[in-house]
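As a plain string of letters, each chain reads:
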Amino acid sequence: MLKTERGEKLVIGTRLKVLRKSLGLTQAQMAEQLGVSSSYITLIEADQRPASAKLLMRLAQVYDLNISELAPDVDMQLASDFAETLKDPTLQAGSIPRSEIEAVLQASPRIARAFVRLHAQRADLAMRQEVIKPPEAGQDTTHMAPEIVTTPFGIQTLRPADHVRNWLYERQNYIDALDRAAENLATDLDLRRKEPHIALTQRLTQHGIKVRIFPAKEMHGSLRRIDADSNTLMLSELLGQASRRFQIGVMIARVEFADLIESCVQQTGFSDPDALTLARVSMANYFAAALLMPYTRFLAACELERYDVELLSRRFGTSFEQTAHRMSTLQRPDARGIPFFFVRVDQAGNVSKRFSAGRFAFSRFGGTCPLWNVHSAFETPGRIRAQMIRLPEGERYFSIARTINRAGGSIAAPAQKLAIGLGCDISHAKRLVYADMINFEHTKPTDIGLNCYLCEKPNCSSRAQAPINRKLAVNELERSLALYRFEGE
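Summary of the structure given here. (Residues numbered from 1 in each chain as written. Predicted model: local features only at pLDDT ≥ 70, side-chain atom pairs only at ≥ 80, totals over all residues. Heavy atoms only, no water.)

1. Some details on the overall build of the protein
Piece 1. The number of helices and strands found in the protein is 19 helices and eleven strands.
Piece 2. Within the protein, contacts between residues at least 6 apart in sequence are counted, and of these 60% link residues at least 24 apart.
Piece 3. Accessible surface, the protein as shown: approximately 25,400 Å² in total, 51% of it carbon and sulfur. (Helix = DSSP H or I, 4+ residues; strand = E, 2+ residues; numbered from the N terminus. Contact = heavy atoms within 4.5 Å. Areas by Shrake-Rupley, 256 points an atom, 1.4 Å probe, with all protein chains shown as cover.)

2. What about helix α18 (residues 320-327)?
Piece 1. Most of α18 is tucked away, with eight of its eight residues classed as buried.
Piece 2. Turning to α18, its buried residues are Phe320, Glu321, Gln322, Thr323, Ala324, His325, Arg326 and Met327. (Buried < 20%, exposed > 50% of the residue type's maximum accessible area, 1.4 Å probe, protein only.)

3. Section: the sheet that holds strand β7 (residues 351-356)
Piece 1. Taken in spatial order, the six strands line up as β7-β6-β10-β9-β8-β11 in an open sheet, and their pairing is mixed. Bordering the open sheet on either side are β7 and β11 (446-447), each of which pairs with just one other strand.
Piece 2. As paired elements, strand β6 (residues 341-346) and strand β10 (residues 417-425) share six bridges and run antiparallel to each other. From the neighbouring strand, arginine 344 faces β10, where its bridge partner is isoleucine 420. (Pairing = 2+ DSSP bridges.)

4. Some remarks on the side chain of asparagine 373
Piece 1. You can see asparagine 373 is positioned in helix α19 (residues 373-376).
Piece 2. For asparagine 373, a relative accessible area of 3% translates into the label buried.
Piece 3. In this structure the side chain of asparagine 373 is engaged in a polar contact, spanning 3.4 Å, whose partner is the side chain of tryptophan 372. (Polar contact = N/O pair within 3.5 Å; in protein donor to acceptor, adjacent residues only side chain to side chain.)

5. A word on unusual backbone geometry
Piece 1. We note that glutamine 172 has phi near 55 degrees; this positive angle belongs to a residue other than glycine.
Piece 2. Topologically, glutamine 172 is positioned in the loop between α9 (160-170) and α10 (176-189).
Piece 3. Residue asparagine 173 is not a glycine yet carries a positive backbone phi of 65 degrees.
Piece 4. The topology assignment puts asparagine 173 in the loop between α9 and α10.

6. Here we look at the sheet that holds strand β2 (residues 224-227)
Piece 1. The mixed open sheet is built from three strands, whose spatial order is β1-β3-β2. The open sheet terminates on both sides in strands that have one partner only, identified here as β1 (210-214) and β2. Here the strands of the sheet are splayed against their neighbours by 25 degrees on average, with no regard to which way each runs.
Piece 2. In this sheet, strand β3 (residues 232-236) lies alongside β1 in parallel orientation, the contact comprising five bridges. The residue of β3 that forms the bridge with arginine 212 is methionine 234. (Axes fitted to C-alpha atoms, helices over the stretch in contact; angles between N-to-C directions.)

7. Remarks on the packing of aromatic side chains
Piece 1. This structure, assessed with the given rule, holds eight aromatic pairs.
Piece 2. Judged by centre distance (6.0 Å) and plane angle (80 degrees), the rings of phenylalanine 82 and phenylalanine 115 are edge-to-face. Residue phenylalanine 82 is found in helix α6 (residues 76-86), and its partner phenylalanine 115 is found in helix α8 (residues 109-132); the two are separated by 33 residues along the sequence.
Piece 3. An angle of 70 degrees between the planes, with centres 5.8 Å apart, marks the rings of tyrosine 174 and tyrosine 295 as edge-to-face. Of this pair, tyrosine 174 sits in the loop between α9 and α10 while tyrosine 295 sits in helix α16 (residues 295-304); the two residues are 121 residues apart in sequence, bridging distant segments of the chain.
Piece 4. Take tyrosine 295: its relative accessible area is 1%, and that puts it in the buried class.
Piece 5. Ring pairing ties together the aromatic residues Phe341, Trp372 and Tyr397, which thus form one cluster. (Phe/Tyr/Trp six-rings, centres within 6.5 Å; stacked < 30°, edge-to-face > 60°.)

Here it is in structure tokens:
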């Protein structure tokens, strides 16, 4: 019997019914074409019988389709967004089992995605109206914070960055055309043997563009600037060597591959001008990373060195963040690396970067769980921490985290400290050198939620907010370990 990744029997009732109706067939007609009984089709469509491997192969042959079209993996990011939306108290949906959510996504993923978009737009509109609403007459506004109507979902909706993230997520964080063009250029420049900074600078010189390093005071807060009058790429002295190479790579992308980038941008289908601009920036950055860490050579090195981020950073002359981020893009169909997820947070827990090439789904708002090691990494600056984590639905992941310092390092511009998180499904963990830091047989995974707003873990001492779909339980005669208790614990 064909099984899914989770080992369950393959149940395809809803999708088989949709396929049959789209072909204009009765159950009896489809059964005849497939060489099975009509009662068998009836049972499958009612989800009372799983599909056999023989039937799946017959479906693929008769109707010229890919089996995955009948039983695709659930889009984990969509599942997360859909579950978040349903927890909005204004919908009064209550606690919906994960099985029901996945059933909807299997049957009608486009409808679910449209519902999430509609809810996000409604929440965004509600937030905007609250922000611009004047205070009532005589109302003291001295200590008032802007009120969000009924739900925190309006804090982060589909803004330009969300559009770009979603587009990349749908493509597993990999852009084939840019990646191959960058790899070809790296070969032409012989970056494997030549010093990258010199080779890249000489390439820009061929376009009449000079590269100069300027004192921080003369850059007036900028790290990179183009002086059109002198045709100079101005880089701040605050940038480290790896970041300087990266910015030169970005400039090469803008000069030599503007048409290719524009072609990729138009494929996004974005209509928002800000989203289009951000997409161009993201693709130029993607090109620069792929140029410094060419796909075939970088993937081979990752597999050889078991994804040792620090070692590979030194080998390719890139920063820890650049290297970890590049690892999350290694999803070329004929040569895949580990499907990593990548996140960057500050000391306040704000997420400034998040990408996923696998099944890990980030929340659209509210930061991340404080029990995740990406936060505790600030306690041991510069050291890598490893952790097994488990999400509420039981999915287990392996995660590493380490702090980095961004550009800066002066009294006037101190370097910001951030934490980088890199992780993958637990099934890939042993392929990472960091797995040697943990005894998997005797280590219990840390249970984390997407964030406090959505997590219903009871009596959590790290909780900062009560779940948005639960009512607070206040007992003035008792002080519990958790800051917030809620009904149903």
